[in-house]
Amino acid sequence: MNPRQLIITVVILVAASLGMALYAWRMQKHALTTVPAAYSGSVAPPASGSTEQATLFVADDNSGELQPQQASIPLSEDRQQRAQELVRALLNIYLDKNSSHPIAPGSDVRDAYLVDPGVAVIDMNSAFADGHRSGILVEDLTVASLVETVAQNIPGILRVKILVNGQERDTLAGHADLSILYDVPSVNQMVGPSPSPSQ
Amino acid sequence: MAVSRSSSRCSPLARLAVNLSAVFALVLLISAAAPLEEKQISIYSNVANYSLPVTAENGHDYVGIFELLEPLGKVSLKTSGTQWNLHYNNVECDFQPGSDIARLQNQPVPLGTSFVLRNGRGMVPVGSLTTLLPRLLGGPVNFHDAARRLFVGDAGVHFTAQIKNNPPDALEINFTARVNPSISTEPGKLVLVFTHDPVLPPGTTVLTFSSRSITSATYSENNGSAEITIAGAVPLFASFGNNGKTISVQPAPQQPAPVKSAPKPLPTAQTGQPIAAASHPVYSRYYIVVDAAHGGAESGATLGNQLVEKDVTLAFARRLRDELEVRNVPVMLLRDSDAALTTDQRASTSNQLHPAIYLCIHASTQGHGVRLYTALVPSGDTNRGPFLDWRMAQAPFLSSSQSAANTIAVELEKSHIPVRQLAAPLRPLNNIVAAAVAIEVAPPASGPSDLTSTAYEEFLANSIAAGIADLYQLPGAAR
Ligand SMILES: [Zn+2]
């Protein structure tokens with residue numbers, strides 16, 4: 001190998017090393033920026049989700065009915081993610097100190113799944129169910145507000161199942177049956193307007 | 001003769017086809033008429049009571065050893081080739097397919113017949129359990145081999161049975177622990193089947209009684225279950241008490257109810273529809289069953305300092321019973337003590353009594369007045385012919401239920417009591433085969449503390465009883 005060939009070889013090797021170093025640096029940077037985004041979805045509102053108008057069906061203990069309430073909330077494109085975000089927005093209203101329908105501190109939604117055809121499964125945490133107030137109407141209001149809020153904001157949902165901590169549970173707090181699938185149209189009968197003028 | 005001529009014209013092939021299809025149809029008929037009961041073994045211990053399927057291998061009964069041990073303690077398994085090395089807690093046991101000797105802590109244990117591997121499951125002969133288990137579990141087992149019921153350690157529930165006069169002619173069966181049998185009735189008998197309760201045989205298997213209604217109680221065991229068969233001269237029903245530790249068997253009928261077909265759902269429910277005692281060709285003693293919701297450890301809502309829903313519902317149910325009795329409406333209280341009853345037990349007791357109306361009492365501090373609920377029957381109609389889906393049993397009675405709720409609402413409104421009618425996903429409403437209504441009693445406008453005031457309870461009970469009496473007095477209603 002003459003000196004000219006040696007110089008060319010060294011230049012090629014240095015260029016290759018620099019290229020590889022640059023590639024490795026870029027890959028690492030990419031990994032650092034994408035990994036947290038991939039894991040953040042279920043614990044925080046979506047960073048990139050656009051804010052949308054949604055109708056939340058909020059339980060009101062005084063009237064014993066659901067009150068539709070417009071809200072601007074960041075919602076994902078993904079329908080499952082969307083279901084979870086809607087439920088979390090509803091729970092945040094109930095967790096407020098001036099809530100018209102207080103629920104237990106720490107109540108949260110663990111996950112939401114959309115199962116074809118038209119079934120949404122909402123998985124709530126133990127704090128939500130274990131600390132829920134007991135009574136026919138108070139439990140029915142919670143169940144109906146969850147079902148209506150998910151069904152009215154995600155087209156195509158016909159039935160809703162509520163799980164607690166990933167498991168089926170007999171009742172929410174001694175009354176509302178959680179072993180069944182809730183038919184969206186029949187949920188109106190649970191908290192519908194009173195046929196008699198009183199109460 | 002015409003028959004023989006016509007058959008002689010059939011070709012042998014056609015005759016064979018006809019004969020074969022007749023045999024095939026007969027086989028189908030026999031297999032449909034007498035489905036083989038799956039063999040099972042039941043295991044009773046202080047940590048779990050459970051049943052496992054038993055399979056036949058070379059003419060012997062076998063059971064999966066891993067599945068059998070798993071509910072009892074910590075089991076782990078290592079396999080090398082076909083050799084099974086099983087650890088139960090700190091005991092090690094080796095099994096080899098084809099070998100009728102297991103090695104337990106390196107000591108040989110005869111199995112009687114060979115260890116078998118089936119679909120990855122290690123099966124041991126059922127007959128080997130009395131040799132194998134005491135060494136594996138480190139304690140005694142008692143095996144009722146004919147019925148395949150295995151008792152680990154001191155697991156077991158004893159019972160005594162005697163005729164009591166309150167209620168008259170009732171057979172009271174007292175168990176040493178809570179039991180949850182399935183109950184069925186046949187003409188002349190009521191059968192309690194205990195599959196997951198370690199019920200032990202009494203001193204004598206046939207107990208006879210000098211009662212006109214209940215003549216004997218016979219204990220038997222079969223296929224992983226114990227049975228108590230109570231023979232009666234009249235139709236019987238069973239109810240639970242004392243936290244599920246007492247079963248009371250009583251004569252069911254006395255007053256004839258008109259036999260009616262199942263109420264047909266109406267387009268809209270209305271008041272004034274007569275509600276008869278169900279569609280059963282039986283006699284119903286009670287027009288209404290009143291059920292005080294909750295009980296025992298399941299106390300329902302907390303309604304104030306020291307005040308729990310189960311006590312409020314019981315007090316109110318008793319008051320309502322008094323008001324109904326004053327109006328000569330035959331009534332039975334389903335819970336008249338602090339007994340814990342499951343919703344299934346409530347439904348099956350009420351369904352055996354065949355009342356016209358089942359009324360369940362709840363209480364709440366939310367809102368005012370009274371809320372009346374009928375069942376929100378779950379989606380999916382799976383009732384098939386004469387067989388009712390348990391979750392949908394209420395469906396044919398919904399119109400009667402709404403009619404009953406309407407009539408009660410009218411009486412409450414007459415007394416200016418705020419009333420609201422809703423549907424609720426509330427068990428056992430959807431399991432009841434009669435008009436079924438739940439009442440949630442809420443405080444008066446004066447405040448939550450008056451929920452349990454005598455005056456308010458009386459005022460409400462009086463109006464509700466008046467509504468039920470209205471229904472009872474309608475022509476065609478059961479009495
Ligand atoms: Zn209740």
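Per chain, residues are indexed from 1 in the order of the written sequence. All chains are assigned letters beginning with A, and all ligands numbers beginning with 1, in the order in which they are written. Given that this is a predicted model, residues contribute local features only at a pLDDT of at least 70 and side-chain atom pairs are listed and counted only at 80 or more, while totals for whole chains, interfaces and linings are drawn from all residues. To get the side-chain values, all heavy atoms of the structure are used, and hydrogens and water are removed first.

Asks: Can you help me understand the overall build of chain A in this one?
Replies: A count of helical and extended segments in chain A gives five helices and six strands. The way it works is that DSSP assigns letters per residue, a run of H or I at least four long becomes a helix, a run of E at least two long becomes a strand, and they are numbered from the N terminus. For chain A, the α and β elements follow one another from N to C terminus as α-β-β-α-β-β-α-α-β-β-α. Classification of residues uses two cut-offs on accessible area relative to the type maximum, computed with a 1.4 Å probe and protein chains only: under 20% is buried, over 50% is exposed, and between them is partly exposed. A burial count over chain A gives 43% of its 199 residues as buried. Whether two residues are in contact is decided by their heavy atoms: any pair within 4.5 Å suffices. Partitioning the contacts of chain A with sequence separation of at least 6, the portion at a separation of at least 24 is 59%.

Asks: Please clarify how the coordination of the zinc ion should be interpreted in this entry.
Replies: Octahedral metal centres with six donors ideally show angles of 90 or 180 degrees, and tetrahedral centres with four donors ideally show 109.5 degrees. The rule for donors is simple: an N, O or S atom within 2.8 Å of the metal counts, and for Na, K and Ca the reach is 3.2 Å. Water is not among the atoms, so a site may look short of donors. The protein atoms that coordinate the zinc ion are His175(A) (NE2), His294(B) (NE2), Glu309(B) (OE), Glu309(B) (OE) and His362(B) (ND1), at distances spanning 1.9 to 2.8 Å. Taken together, the residues span a long stretch of sequence, with Glu309(B) in helix α5 (residues 309–326) and His362(B) in strand β27 (residues 357–363) at a distance of 53 residues. Across the pair, exposure class does not vary: Glu309(B) and His362(B) are buried alike.

Asks: Which parts of the structure should I look at to understand the packing of aromatic side chains?
Replies: Two numbers describe a pair of aromatic rings. These are the distance of the centres and the angle of the planes. Working definition: a ring pair exists when centres of Phe, Tyr or Trp rings (six-membered ring for Trp) sit within 6.5 Å. Plane angles under 30 degrees give stacked, over 60 give edge-to-face, the rest tilted. On inspection of all chains with the given rule, the structure shows seven aromatic pairs over all chains. By way of ring pairs, the aromatic residues Phe159(B), Phe175(B), Phe194(B) and Tyr219(B) are connected into one cluster.

Asks: How should I be thinking about the interface of chain A and chain B in this particular structure?
Replies: The parts lose accessible area when they come together, and the size of an interface is often stated as this lost area. Listed per partner, the contact involves 31 residues of chain A and 26 residues of chain B. Each reported salt bridge corresponds to a side-chain nitrogen of Lys or Arg within 4 Å of a carboxyl oxygen of Asp or Glu. On inspection of chain A and its partner chain B, the count reaches one salt bridge. One salt bridge connects Glu65(A) with Arg420(B), and the closest N-O pair in it is separated by 4.0 Å. Here a polar contact means two N or O atoms within 3.5 Å. Within protein one must be a hydrogen donor candidate and the other an acceptor candidate, and residues neighboring in sequence count only if both atoms are side-chain atoms. Where chain A packs against chain B, one counts ten residue pairs in polar contact (both at pLDDT 80 or more). Elements supplying a minimum of two residues to the side of chain A that touches chain B: α4 (136–153), β6 (182–183) and α5 (184–191) of chain A. Among the elements that take part in the side of chain A that touches chain B, α4(A) stands out by supplying five residues, more than any other. Put simply, Ala, Val, Leu, Ile, Met, Phe, Trp, Tyr, Cys and Pro go in the nonpolar bin, Asp, Glu, Lys and Arg in the charged bin, and everything else, Gly too, in the polar bin. Residue composition of the side of chain A that touches chain B, by class: twelve nonpolar, 13 polar and six charged.

Asks: For this particular structure, what's the right way to read the packing of α5(B) against helix α8 (residues 454–473) of chain B?
Replies: The relative placement of two packed helices is expressed as an angle between their axes plus a distance between the axes. Residue and element names in this part refer to chain B. Where α5 meets α8, the closest approach of the two axes is 9 Å, and the angle between their N-to-C directions is 50 degrees. Taken together, the axis directions place α5 and α8 in an arrangement best described as oblique. Crossing angle aside, the handedness with which α5 passes α8 is right-handed. Side by side, α5 and α8 meet where Ala315, Phe316, Arg319, Leu320, Glu323 and Leu324 of the first sit next to Thr454, Glu457, Glu458, Leu460, Ala461, Asn462, Ile464, Ala465 and Ile468 of the second. Where helices are involved, their axes are fitted lines through C-alpha atoms of the stretch in contact, as for all axes, and angles between N-to-C directions lie from 0 to 180°. Between 65 and 115 degrees an angle is taken as roughly perpendicular, under 35 as roughly parallel, over 145 as roughly antiparallel, and anywhere else as oblique. With the far helix as reference, a near helix turned anticlockwise by less than a right angle produces a left-handed crossing, and one turned clockwise produces a right-handed crossing.

Asks: Quick question: what am I supposed to make of the pairing of strand β5 (residues 159–164) of chain A here?
Replies: Put simply, side chains in a regular strand alternate between the two faces of the sheet. Residue and element names in this part refer to chain A. Most of β5 is tucked away: five of the six residues are buried. Examined bridge by bridge, strand β4 (residues 119–124) and β5 share six bridges and lie parallel to one another. Paired with Ile122 across the two strands is Ile162, which belongs to β5. Pairing of β5 with β6 involves two bridges; the strand directions are antiparallel. Following the sheet pairing, Val160 is matched in β6 by Tyr182. A pair of strands is labelled paired if DSSP reports no fewer than 2 bridges between them.

Asks: Before we go on, may I ask you to explain the sheet that holds strand β16 (residues 182–186) of chain B in this structure?
Replies: Strand pairs in the sheet, formed through backbone hydrogen bonds, run parallel or antiparallel to each other. All names here are of chain B. Sheet architecture is open: five strands sit in the order β16-β17-β20-β19-β18, paired in antiparallel fashion. Two strands close off the open sheet at either side, each with one partner strand: β16 and β18 (206–208). Strand-to-strand twist of the sheet, defined as the mean angle between neighbouring strand axes without regard to direction, takes the value 15 degrees. Looking at chain direction, strand β19 (residues 214–222) and strand β20 (residues 225–232) are connected through eight bridges and run antiparallel. Opposite Ser220, over in β20, you have Glu227 as the bridge partner.

Asks: Explanation requested: the side chain of Asp291(B) in the structure shown.
Replies: Note on placement: Asp291(B) falls in strand β23 (residues 288–292). Excluding residues within four positions of it along the chain, Asp291(B) makes contact with Leu334(B), Arg335(B), Arg346(B), Tyr358(B), Leu359(B), Cys360(B) and Ile361(B).

Asks: Where do I start with the sheet that holds strand β11 (residues 121–125) of chain B in this structure?
Replies: Residues and elements named next belong to chain B. What the four strands build is an open sheet, ordered β3-β4-β11-β10; its pairing is antiparallel. Bordering the open sheet on either side are β3 (55–57) and β10 (116–118), each of which pairs with just one other strand. The average angle at which neighbouring strand axes cross in this sheet is 45 degrees, direction not considered.

Asks: Could you clarify how one ought to interpret the pattern of salt bridges in this entry?
Replies: Should their charged atoms come close, side chains of opposite charge can pair. Residues and elements named next belong to chain B. Following the criterion strictly, the structure yields 23 salt bridges over all chains and no others. Residue Glu67 is joined to Arg121 by a salt bridge in which the shortest nitrogen-to-oxygen separation is 2.8 Å. Note that Glu67 is positioned in helix α3 (residues 65–69) and Arg121 in strand β11, a separation of 54 residues in sequence. Overall, Glu67 belongs to the partly exposed group, its relative accessible area being 25%. Each of Lys39, Asp61 and Arg148 takes part in a single network of salt bridges with overlapping partners.

Asks: Is there a simple way to explain α4(A) in this structure?
Replies: Since the α-helix advances by 3.6 residues per turn, residues separated by three or four positions end up pointing in the same direction. Given a helix with a known number of residues, its expected span is that number minus one, times 1.5 Å. In this model α4(A) runs 26 Å from its N-terminal to its C-terminal C-alpha over 18 residues, within 8% of the 26 Å that 1.5 Å per residue would give. When you tally the buried positions in α4(A), you get 17 out of 18 residues, the bulk of the element.

Asks: What's the story with the nonpolar core in this structure? I'm lost.
Replies: As used in this record, nonpolar core signifies buried Ala, Val, Leu, Ile, Met, Phe, Trp, Tyr and Cys residues forming a set joined through side-chain atoms within 4.5 Å. With 97 residues, the main nonpolar core has Val143(A), Tyr182(A), Phe175(B), Ile228(B), Ile230(B) and Val249(B) as its most contacted residues. Considering every element that reaches this core, the biggest residue donor is α4(A), with nine residues. Viewed by domain, this core spans two of them, domain 2 (156–252) and domain 3 (284–378 + 388–479) of chain B, each represented by three or more residues. Val249(B) has contacts with Asp169(B), Ala170(B), Leu171(B), Ile173(B), Leu190(B), Ile214(B), Ile230(B), Leu236(B), Phe237(B) and Ala238(B), leaving out every residue within four places of it along the chain. For the domains described, the bounds stem from an automatic or database domain assignment.

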